[in-house]
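A structural walkthrough
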Amino acid sequence: MSATAAQAEGARRTRLTPEREGELYTAVLDLLREAGYDALTMDAVAARSRSSKATLYRQWQGKPRLVAAALRHQRPPLDRLDTGSLRGDLHELAGRLGEAKKDVAVLQAVAPAAHKNKDLAEALREALIQPELDVLQAILDRAVARGEAEADAPAHEFFPHLVTGVLIARPLIEWCEADATYLKRYLDAVVLPALLRN
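These notes cover the structure that comes with them. Please read these numbers as outputs of a predicted model, since none were measured by experiment.

By the definition in use, this model includes 14 salt bridges. Lys53 serves as the salt-bridge partner of Asp43, at 3.2 Å between the closest nitrogen and oxygen. Placement of Asp43 in helix H3 (residues 42–49) and of Lys53 in helix H4 (residues 53–60) is noted, with a sequence separation of 10 residues between them. With a relative accessible area of 47%, Asp43 lands in the partly exposed category.

As structure tokens, this is what we get:
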């Protein structure tokens, strides 16, 4: 994209205030919970949020990017997460993830569609998955640099799976959310021993 095109795109995107964007994202998430991804339409979002379809397409180009942006908007921010220790970082991560209880249900509703829809999968990876993988990798890199964790520990490869898997597994197994207290216990009992230098 040329500099002129990028500036034009930025100018178009600044027309919505953060409050207005928040309202749109809330409408998207409510519709996802009610009907799922496949049944969600841009017409329905426009009607629910009292917007025009032209505005939605101008800002997000289509349903996949709009849904990914809405999911990103409701996720707790994971950046600037550096407490000075691996355990501290993981406990801070648990606190932030524990706040996102509605998030898991919506992601579960969207995940099956992402397996069938390449555009949605790419939008989710760009807006949600890769940024969070980068945060988790930074946590591990700092732990290795401080000498807390082995650089070649086999568990490093599975760190993202360990952290995110429990958010989905606990509701299925125990019929309750993986809140911050539970996540901290899980990280202390399962994840930290696998990552820390012996």
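Along the chain, the position of Ala94 falls in helix H6 (residues 86–98). What Ala94 contacts, discounting residues up to four positions off in sequence, is Ala180, Leu183, Lys184 and Leu187.

Time to look at H3. Count 3.6 residues to each turn of an α-helix, and residues three or four apart come out pointing the same way. For H3, the full list of buried residues reads Met42, Val45, Ala46 and Ser49. Seen along its axis, H3 keeps its buried residues to an arc of 100°; they face one direction. On its buried face, H3 sits against helix H2 (18–35), H4 and helix H5 (63–74). At the C-terminal side of H3, Arg50 shows a positive phi close to 55°.

Turning next to unusual backbone geometry. Positioned with a positive phi, Arg50 is a non-glycine residue whose angle comes to about 55°. Considering the arrangement of structural elements, one finds Arg50 in the loop between H3 and H4. We note that Gln61 has phi near 65°; this positive angle belongs to a residue other than glycine.

Each pair of packed helices gets described by two things: the angle between the helix axes and the distance between those axes. The contact between H3 and H4 brings their axes to 9 Å, and the two run at 110°. As judged from the angle between their axes, H3 and H4 are roughly perpendicular. Handedness of the H3/H4 crossing: right-handed. Judged by residue contacts, Met42, Asp43, Val45 and Ala46 of H3 engage Lys53, Leu56 and Tyr57 from H4. A breakdown of the residues in the contact of H3 with H4 according to their chemical character gives 5 nonpolar, no polar and 2 charged.

This part is about the packing of H5 against helix H8 (residues 118–145). Running from N to C, H5 and H8 cross one another at 25°; their axes reach a closest spacing of 8 Å. Put simply, H5 runs roughly parallel to H8. The handedness of the crossing between H5 and H8 is right-handed. From H5, Pro64, Arg65, Val67, Ala68, Leu71 and Arg72 reach across to H8, where they touch Asp119, Leu120, Ala123, Leu124, Glu126, Ala127, Leu128, Pro131 and Glu132.

We now examine H4. Along H4, the positions that sit buried rather than exposed are Thr55, Leu56, Gln59 and Trp60. When H4 is viewed along its axis, its buried side chains cluster within an angular range of 100° and face the same direction. Looking one or two residues beyond H4, the residue adopting positive phi is Gln61, at roughly 65°.

Basis of the calculations
Residues numbered from 1 in each chain as written. Predicted model: local features only at pLDDT ≥ 70, side-chain atom pairs only at ≥ 80, totals over all residues. Heavy atoms only, no water. Salt bridge = Lys/Arg side-chain N within 4 Å of Asp/Glu carboxyl O. Helix = DSSP H or I, 4+ residues; strand = E, 2+ residues; numbered from the N terminus. Buried < 20%, exposed > 50% of the residue type's maximum accessible area, 1.4 Å probe, protein only. Contact = heavy atoms within 4.5 Å. Arc of directions from axis to C-beta. Axes fitted to C-alpha atoms, helices over the stretch in contact; angles between N-to-C directions. Parallel < 35°, antiparallel > 145°, perpendicular 65-115°, else oblique. Left-handed = near helix turned anticlockwise from the far one by under 90°. Nonpolar A, V, L, I, M, F, W, Y, C, P; charged D, E, K, R; others polar.

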